[in-house]
Amino acid sequence: MKSILDRYIDRVLVYANKPEAEAETIRAELQDHLQEKVEDLTKSGMPREEATLEALRQHGAPKIIGYKLRGPFPWIDVRTHGTARGFIAIGPRAVGVVAMGGFAVGIFAFGGFACGLVSTGGFALGLLLAWGGFGMGGMVSAGMALGLVAVGGMAVGLVAAGGYSVGAWVPYGWHHANAIKFHSDALSYYTPQNVPPFLKSLEPLLNIANSINVYFVFVMPAFLLTLLLLNFMMYREGKRVRAEDDWLIDG
Amino acid sequence: MKLSKKTLDGNMDTLLLAVLSEGPSYGYQMVQDLNAKAPGVLKTGEGTIYPVLHRLEERELIQSSWRTGETGRKRRYYRITPKGKKALADNRLQWAALKSVMTTVLGGNPAPESFQPTTHHGVTS
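Residues numbered from 1 in each chain as written. Chains lettered and ligands numbered in written order. Predicted model: local features only at pLDDT ≥ 70, side-chain atom pairs only at ≥ 80, totals over all residues. Heavy atoms only, no water.

Some thoughts on the pairing of strand β2 (residues 83–169) of chain A
All names here are of chain A.
So, point 1. Alignment of strand β1 (residues 76–78) against β2, held across 3 bridges, turns out to be parallel. Across the sheet, Val78 pairs through a bridge with Ile90, a residue of β2.
So, point 2. Both β2 and strand β3 (residues 186–188) contribute to a ladder of 3 bridges, which runs parallel. Bridging from a neighbouring strand, Gly167 pairs with Ser188 of β3. (Pairing = 2+ DSSP bridges. Helix = DSSP H or I, 4+ residues; strand = E, 2+ residues; numbered from the N terminus.)

Rendered as structure tokens:
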């Protein structure tokens, strides 16, 4: 049967998720530290069992140490709690090139609150493109869209199109194969007669943003797949952690 | 006055480099040294020094080697590299400059006794 110290170290290593050789090095180092600590506490008159628990308490929560032992920015970082950081980051909070999580920040961000260059989520903030329930950004296609180029159920933008559109230029009567038709629900500062060429030139972007909605049938499954992947990865990580040791010493 | 976790995390590199500048040491001994000089500095857990040590080693600021300790157990010793010494010297200068700025701006109110500057390489001063 494993000692309490070993089980504690097991748990650190579960979260550290290191290759076996490196894990063994860490194990040896932590073992040395903890054993010496127990010996010192015992010498000071503390009963051995109490000394062991005190050594573990002072050593810190395995979850915190384990996660800190992970590389600073690995290719893939999946966490069940805290902030995942990696090229692909998956966790309750995620920061990465591709970030997926409840709160995701990345070049490509997917999540409840997503912020990035290209963002998809319940609340999406995208510098280039945002798609979601509520979207803000450069080019936005969302239930409620606020952006430079905005398309949505309610759209506010420099150039806007949608159910209720407000903008400098809402191209009333704008027609395209995939376009939404705009009628009395639009509020536009400029009319087709006096619209500046710059705003006119942004119209093709409306078409692109609108296409995302038109091709909803493709976008939505991709979004759902991402959510499924996020949940699957987090479930797998949780399962891996539980399988290694269900003895929760950390508070 | 308790130092915030953020403050400690951001400066643990420098603290450990300072400890190692006195000579090679191992994790537990470094914890003892730190606790002796700045009690409470490792309140978030003694084990949190290892991720920092490993990062320092990756950055080649310290080197490690395994030796058999007095107890017969294998023990990992760390020592500072020339690159680490330079980094520590740079950090000292940064701290001295920051201290000067803060003292000037804040009016030189002394820090609480538990966090008075130590003579330990001027790192916490």
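Remarks on the packing of aromatic side chains
So, point 1. Enumeration according to the criterion identifies 6 aromatic pairs over all chains in this entry.
So, point 2. A centroid spacing of 5.3 Å and a plane angle of 70° characterise the contact between Tyr26(B) and Tyr77(B), whose relative ring orientation is edge-to-face. With a gap of 51 residues between them, Tyr26(B) in strand β1 (residues 25–26) and Tyr77(B) in strand β3 (residues 74–80) connect regions that are remote in the sequence. Each member of the pair, Tyr26(B) as well as Tyr77(B), carries the same accessibility label: buried.
So, point 3. Three or more aromatic residues joined by ring pairs make a cluster, and in this case those are Phe103(A), Phe113(A), Phe123(A) and Phe134(A).
So, point 4. One cation-aromatic arrangement involves Arg67(B) over Tyr77(B); the distance from NZ or CZ to the ring centre is 4.2 Å.
So, point 5. Above the plane of the ring of Trp66(B) lies Lys74(B), whose end atom (NZ or CZ) is 5.4 Å from the centre. (Phe/Tyr/Trp six-rings, centres within 6.5 Å; stacked < 30°, edge-to-face > 60°. Buried < 20%, exposed > 50% of the residue type's maximum accessible area, 1.4 Å probe, protein only. Lys NZ or Arg CZ within 6 Å of the ring centre and 35° of its normal.)

Overview of the interface of chain A and chain B
So, point 1. Contacts between the two partners involve 20 residues from chain A and, on the opposite side, 24 residues from chain B.
So, point 2. At the boundary of chain A with chain B, total buried surface from both sides reaches about 1,900 Å², with 52% on carbon and sulfur atoms.
So, point 3. The three residues of chain A that bury the most area against chain B are Glu29(A), His33(A) and Lys68(A), which together make up 32% of that side's buried surface.
So, point 4. Connecting chain A to chain B are 6 salt bridges. (Contact = heavy atoms within 4.5 Å. Buried area = accessible area lost by both parts, 1.4 Å probe. Salt bridge = Lys/Arg side-chain N within 4 Å of Asp/Glu carboxyl O.)

Some thoughts on the pairing of strand β2 (residues 62–68) of chain B
So, point 1. Strand direction decides the pairing type here: β2(B) and β3(B), joined by 7 bridges, are antiparallel. What sits directly across from Ser64(B), in β3(B), is Tyr78(B).

Observations concerning the sheet that holds β1(B)
Residue and element names in this part refer to chain B.
So, point 1. On the basis of which strands lie adjacent, the open sheet formed by 3 strands has the order β1-β3-β2 and antiparallel pairing. Strand pairing shows two members of the sheet lacking a second neighbour, β1 and β2, which therefore form its edges.
So, point 2. Pairing of β1 with β3 involves 2 bridges; the strand directions are antiparallel. Residue pairing in the sheet places Tyr26 in a bridge with Tyr77 of β3.

Considerations on the pattern of salt bridges
Opposite charge on two side chains allows them to pair when their charged atoms are near.
So, point 1. Evaluated as defined, the whole model comprises 18 salt bridges over all chains.
So, point 2. Taking the shortest distance from any N to any O, the salt bridge between Arg70(A) and Glu237(A) comes out at 3.0 Å. Of this pair, Arg70(A) sits in the loop between α4 (62–69) and β1 while Glu237(A) sits in helix α7 (residues 216–244), and the two are 167 residues apart along the sequence.
So, point 3. Each of the salt bridges in this network shares a partner with another, and the network as a whole consists of Asp32(A), Glu36(A), Glu39(A), Arg73(B) and Arg75(B).

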